[in-house]
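# Structural overview for review
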Amino acid sequence: MTNITVLGAGAWGTAFGQVLADAGNIVTMWAIEPEIVTDIHEHHRNSYRLPSVEQLPANMDATGDRAQAVANADIIVVAIAAQFARLALTEFKDLIPSTALVVSLMKGIERTTGKRMDEVVRESLNLPAERFVAISGPNLSKQVADRQPAATVVGCADIANARTVAKACETKYFKPFVTTDVIGLEMCGSLKNVVALAVGMARGAGYGENTAAMIETRGLAELTALGKAAGADPKTFAGLAGVGDLVATCGSPLSRNYTFGANLGKGLSVEEATKASNGVAEGVPTTGAVVALGRQLGVPTPLASAMSDVLDKGISCADMLAELFGGAITEE
Ligand SMILES: NC(=O)C1=CN([C@@H]2O[C@H](COP(=O)(O)OP(=O)(O)OC[C@H]3O[C@@H](n4cnc5c(N)ncnc54)[C@H](O)[C@@H]3O)[C@@H](O)[C@H]2O)C=CC1
Ligand SMILES: O=C(CO)COP(=O)(O)O
């Protein structure tokens, strides 16, 4: 019997907790919101962040007590909004068992430091690489919570530990693959959100499939070039975590990033789109971090730069696309 603790009971933390419970583990959710802890503990529901699920599994409970949450955990899963991960994890630093594996579900880059979540989690918890695991793939939370068939990628520097976590989250409807390319998973997960913002914006402004496909494909090229420069395996970008997640996120109104972009395209301001968002749209703070990372690595980031001008200067969708078209004619 594996004891697994999930830190953060947002939409994905809760849906993934259900996957882990369906796979036969004992699952403890920890959340900073007392009302969510009570809802899960007393009613087996998370009506705040995942209202579509009427009854969470019986082997899934919740606590608001940090020490109690992680004391017996074999695996600790982190599903906290990326910009708050460091702050939240620091409180757990002296509490987590010395043998526990720590899994990140987060898809973002820390705005203040430009660091990926593998770096943030490892620094915050003083964790060696072989105990850090990343999970990334086309996993819209509501569809996973509905138990629709889906797959994901589980990455760890130590492939045996990736397999341990993959086994712990394998169910009839959820299929994990394994890799050692942690950097690739982190880069795919974070950067596809920036692409989804741009695709959503174009769709919201009324543009069709050609425009969307152009942004997705140029976005994939940008994401691959940055990822390679950061040390990722290019193969990862053609897989589930790369193309797969781009297709899912850029094509679904269930995506908060796509929807945030669509609202901008319809004319809402960044503040209005933030208010309308049903959960964290990680691409918003990550966009600026991607531009900075591109500069640091010497990789052009035309799409992230154009989206950054949307978010920071309020340029229109037409101007964002004009900026994308602005460079010299190059080989594809
Ligand atoms: N929803 C989805 O379909 C998927 C989301 N992800 C990623 O998983 C991560 C979490 O996403 P969701 O659960 O969907 O987001 P959400 O917006 O539903 O929840 C965010 C969570 O972060 C927590 N949080 C924020 N600040 C905190 C703090 N200072 N201390 C403790 N907790 C804090 C909130 O309490 C909440 O539980 C994000 O990085 C997202 O990109 C990855 C795959 C799928
Ligand atoms: O990462 C996701 C699907 O794989 C979810 O995307 P959003 O964070 O945009 O909702």
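Residues numbered from 1 in each chain as written. Chains lettered and ligands numbered in written order. Predicted model: local features only at pLDDT ≥ 70, side-chain atom pairs only at ≥ 80, totals over all residues. Heavy atoms only, no water.

### Structural notes on the overall build of the protein
Note the following rule: What counts as a helix is a DSSP run of H or I of at least four residues, what counts as a strand is a run of E of at least two, and both are numbered from the N terminus. Taken over C-alpha atoms, the radius of gyration is set against a globule rule of 2.2 Å times the number of residues to the power 0.38. Three exposure classes are used, based on accessible area relative to the maximum for each residue type with a 1.4 Å probe and protein chains only: buried under 20%, partly exposed in between, and exposed over 50%. We call two residues in contact whenever any of their non-hydrogen atoms come within 4.5 Å of each other. The protein chains shown are the only cover counted for residues, whose accessible areas, like all others here, come from Shrake-Rupley with a 1.4 Å probe.
When its secondary structure is counted, the protein shows 16 helices and eight strands. What you see for the protein is a C-alpha radius of gyration of 19 Å, in line with the 20 Å of a compact globule of 332 residues. With the C-alpha coordinates of the protein rotated into their principal frame, the extents come out at 60 × 35 × 35 Å. The buried share of the protein, taken over its 332 residues, is 54%. Across the protein, every contact between residues at least 6 apart in sequence was considered, and the portion connecting residues at least 24 apart equals 69%. Surface summary for the protein: the accessible area is close to 14,100 Å², and the carbon and sulfur share equals 52%.

### Considering the site of ligand 1
We count it as follows: Put simply, a residue is near a molecule or strand once any heavy atom of it comes within 4 Å of that molecule or strand. As used in this structure description, the phrase polar contact means that two N or O atoms lie within 3.5 Å; if the pair is within protein, one of them must be able to donate a hydrogen and the other to accept it, and residues adjacent in sequence are counted only when both atoms belong to side chains. Residues are grouped as follows: nonpolar covers Ala, Val, Leu, Ile, Met, Phe, Trp, Tyr, Cys and Pro; charged covers Asp, Glu, Lys and Arg; every other residue, Gly included, is treated as polar. An automatic or database domain assignment is the source of the domain bounds shown.
Around ligand 1, the surrounding shell holds 25 residues, and the nearest of these are Ala11, Glu33, Ser141, Val280 and Glu282. In the environment of ligand 1, an oxygen atom lies 3.0 Å from a nitrogen or oxygen atom belonging to the side chain of Arg49. In the model, an oxygen atom of ligand 1 is placed 2.5 Å from a nitrogen or oxygen of the Glu282 side chain. Protein contacts shield 88% of the accessible area of ligand 1, which totals 830 Å² for the unbound molecule. In terms of residue count, helix H1 (residues 11-22) provides more of the shell around ligand 1 than any other element does, three residues in total. Classifying every residue of the shell around ligand 1 gives 14 nonpolar, six polar and five charged. Each of two domains, domain 1 (3-180) and domain 2 (191-325), supplies a minimum of three residues to the shell around ligand 1.

### A word on the nonpolar core
Our working rule: Nonpolar cores were defined as sets of buried Ala, Val, Leu, Ile, Met, Phe, Trp, Tyr and Cys residues, with membership established by side-chain atoms within 4.5 Å.
Core analysis: the largest hydrophobic core is formed by 71 residues, its most contacted members being Leu7, Ile215, Phe260 and Met320. For this core, the leading source of residues is helix H8 (residues 182-204), giving 13 residues. Mapped onto the domain boundaries, this core takes at least three residues apiece from domain 1 (3-180) and domain 2 (191-325). Leave out the neighbours within four places in its chain, and Met320 touches Ala198, Met201, Ala306, Met307, Val310 and Ile315. If you look at the next biggest cluster of nonpolar residues, it comprises 41 residues, including Met29, Val144, Ala145 and Cys169.

### A few points about the pattern of salt bridges
Note the following rule: Salt bridges, as used here, are contacts in which a Lys or Arg side-chain nitrogen is within 4 Å of a carboxyl oxygen on Asp or Glu.
Tallied over the entire structure, the rule returns 13 salt bridges. With a shortest N-O distance of 2.8 Å, Arg86 and Glu110 are connected by a salt bridge. Here Arg86, found in helix H4 (residues 85-90), pairs with Glu110, found in the loop between strand E5 (101-104) and helix H5 (117-125); they are 24 residues apart in sequence, far enough to count as distant. By relative accessible area, which is 4% here, Glu110 ends up buried. In this structure, the salt-bridge partner of Lys115 is Glu123, at a minimum N-O distance of 2.7 Å. Lys115 gets classed as partly exposed once you look at its relative accessible area, which sits at 26%. Relative accessible area serves as the criterion here: at 40%, Glu123 is assigned to the partly exposed category. Each of the salt bridges in this network shares a partner with another, and the network as a whole consists of Arg86, Glu110, Lys115 and Glu123.

### As for the sheet that holds strand E7 (residues 150-156)
Here is the rule we go by: Following DSSP output, two strands are said to pair if at least two bridges run between them. Here, axes are lines fitted to C-alpha atoms. For helices the fit covers the stretch in contact, and angles between N-to-C directions go from 0 to 180 degrees.
Strand order in the open sheet formed by eight strands is E3-E2-E1-E4-E5-E6-E7-E8, with mixed pairing between adjacent strands. Across the chains shown, the open sheet's two edge strands, defined by having one partner strand only, are strand E3 (60-63) and strand E8 (174-179). For this sheet the average axis-to-axis angle between neighbouring strands, irrespective of direction, equals 25°. One ladder, built from five bridges, connects strand E1 (residues 3-7) with strand E2 (residues 26-30); its direction is parallel. The residue of E2 that forms the bridge with Thr5 is Thr28. Its contacts with the sheet put H8 on strand E6 (132-136), E7 and E8, and the angle it makes with E6 is roughly 40°.

### Focus: helix H9 (residues 209-230)
Definition in use: For a helix, the expected span equals 1.5 Å multiplied by the number of residues minus one.
Its 22 residues give H9 an end-to-end C-alpha distance of 31 Å, which sits within 8% of 32 Å, the value for a rise of 1.5 Å per residue. Every buried residue belonging to H9 is among Thr211, Ala212, Ile215, Gly219, Glu222, Leu223, Thr224, Leu226 and Gly227, and all of these are buried. Where H9 ends, the next residue or the one after it, Gly231, has phi of about 110°, a positive value.

### Quick notes on the state of the cysteines
For clarity, the threshold we go by: Disulfides are defined as pairs of cysteine sulfur atoms found within 2.5 Å of each other.
Using the criterion set out here, one finds zero disulfides in the structure. Here Cys169 is not disulfide-linked; the sulfur of Cys156 is the nearest cysteine sulfur, at 13 Å. For Cys169, a relative accessible area of 0% translates into the label buried.

### Brief notes about the pairing of strand E4 (residues 75-78)
What counts here: When the strands point away from the viewer and the path from the first strand over the helix to the second turns clockwise, the crossover is right-handed.
What you see with E4 is no split at all: Ile75 and Val77 on one side and Ile76 and Val78 on the other are buried throughout. Looking at chain direction, E1 and E4 are connected through four bridges and run parallel. Bridging across to E4, Ile4 finds its partner in Ile75. Pairing of E4 with E5 involves four bridges; the strand directions are parallel. Paired with Val77 across the bridge in E5 is Val103. In this view, the connection linking E4 to its parallel neighbour E5 by way of H4 has right-handed handedness.

Geometry only, nothing functional implied.
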